Amino acid sequence: QVQLVESGGGLVQPGGSLTLSCAASGSIFSINAMGWYRQAPGEQRELVATITSGGSTNYADSVKGRFTISRDKAKNTVYLQMSSLKVEDTAVYYCRLVQRFLTYWGQGTQVTVSS
């Protein structure tokens, strides 16, 4: 089994920055990809950013140029650096890991952007 623990969420003013972390532990063999998704109240969960084992990244159009995903392979940890945050970025952010075609999710961390 794989466990994912997110951290770094919180309350920030518009224009501010936050960095989320997601640490994977347990039966880690060969991670295919890790990423971040988010879900706002009343909305469906949506992709924010992903990074593959080879380092390829993919971003939602809404966060391009503002968010950066990175990964520390040695620590099995993925990060999401968020800057120029907007009110519409408010959501619960979930970490996702894909390994051997199995998908694992973290418990989520709340990000609130408000003045």
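Look up a bit, the structure's there.
Being a predicted model, the structure only gives us computed values, none of them experimental.

What follows concerns the packing of aromatic side chains. All chains considered together, the criterion is met by 1 aromatic pair. Consider the rings of Tyr37 and Trp105, whose centres lie 5.2 Å apart with planes at 75°: the pair is edge-to-face. Of this pair, Tyr37 sits in strand β4 (residues 31–39) while Trp105 sits in strand β10 (residues 102–105), and the two are 68 residues apart along the sequence. Judged by relative accessible area, which is 13%, Tyr37 ranks as buried. Arg45 extends its terminal NZ or CZ atom over the ring of Tyr94, reaching a point 3.7 Å from the ring centre. One cation-aromatic arrangement involves Arg45 over Trp105; the distance from NZ or CZ to the ring centre is 4.6 Å.

It is worth spelling out the pairing of β10 at this point. Where strand β9 (residues 91–99) lies against β10, 4 bridges are found, and the strand directions are antiparallel. Residue Gln99 lies in a different strand from β10, and its bridge partner there is Leu102. Turn length for the β9-β10 hairpin, with the two strands adjacent in sequence and antiparallel, is 2 residues, and the turn residue Arg100 shows positive phi of about 50°.

Another aspect to go through is the nonpolar core. Ranked by internal contacts, the top residues of the largest apolar core, which has 29 residues, are Leu4, Met34, Trp36, Leu80, Met82 and Tyr93. Breaking this core down by element, the ones donating at least two residues are β1 (2–7), β3 (18–26), β4, β5 (46–52), β7 (67–72), β8 (77–82), β9 and β11 (109–113). Setting aside residues up to four positions removed in sequence, Tyr93 forms contacts with Glu6, Leu20, Trp36, Tyr37, Arg38, Val48, Phe67, Leu80, Met82, Gly108, Thr109 and Val111.

Right, let's talk about the sheet that holds β7 for a bit. A sheet is described by the order of its strands in space; here 4 strands give the open sequence β1-β3-β8-β7, paired in antiparallel fashion. Two strands in the sheet have a free side with no partner beyond their single neighbour: β1 and β7. This sheet shows a mean twist of 15° between the axes of neighbouring strands, independent of strand direction. Where β3 lies against β8, 6 bridges are found, and the strand directions are antiparallel. The residue of β8 that forms the bridge with Thr19 is Gln81.

Here we come to the state of the cysteines. Tallying each qualifying case throughout the model produces 1 disulfide. Covalently, Cys22 is tied to Cys95 through a disulfide, its sulfur atoms 2.1 Å apart. Looking down the S-S bond of the Cys22 and Cys95 bridge, the torsion is -80°, so its handedness is left-handed. Taken together, the residues span a long stretch of sequence, with Cys22 in strand β3 and Cys95 in strand β9 at a distance of 73 residues.

Among the structural elements, Asp89 can be located in the loop between β8 and β9. A polar contact of 3.0 Å, which involves the side chain of Asp89, links it to the side chain of Arg38. Residue contacts for Asp89: discarding those within four places in its chain leaves Arg38, Arg66, Phe67, Ser84, Val111 and Val113.

Next up on the list: the pattern of salt bridges. Scanning the entire structure with this criterion turns up 4 salt bridges. Among the salt bridges present, the one from Arg38 reaches Glu46, with a minimum N-O distance of 2.8 Å. One salt-bridge network, held together by shared partners, links Arg38, Glu46, Arg66 and Asp89.

Definitions and cut-offs
Residues numbered from 1 in each chain as written. Predicted model: local features only at pLDDT ≥ 70, side-chain atom pairs only at ≥ 80, totals over all residues. Heavy atoms only, no water. Phe/Tyr/Trp six-rings, centres within 6.5 Å; stacked < 30°, edge-to-face > 60°. Helix = DSSP H or I, 4+ residues; strand = E, 2+ residues; numbered from the N terminus. Buried < 20%, exposed > 50% of the residue type's maximum accessible area, 1.4 Å probe, protein only. Lys NZ or Arg CZ within 6 Å of the ring centre and 35° of its normal. Pairing = 2+ DSSP bridges. Core = buried A, V, L, I, M, F, W, Y, C linked by side-chain atoms within 4.5 Å. Contact = heavy atoms within 4.5 Å. Axes fitted to C-alpha atoms, helices over the stretch in contact; angles between N-to-C directions. Disulfide = S-S within 2.5 Å. Polar contact = N/O pair within 3.5 Å; in protein donor to acceptor, adjacent residues only side chain to side chain. Salt bridge = Lys/Arg side-chain N within 4 Å of Asp/Glu carboxyl O.

Keep in mind these values describe shape, not function.
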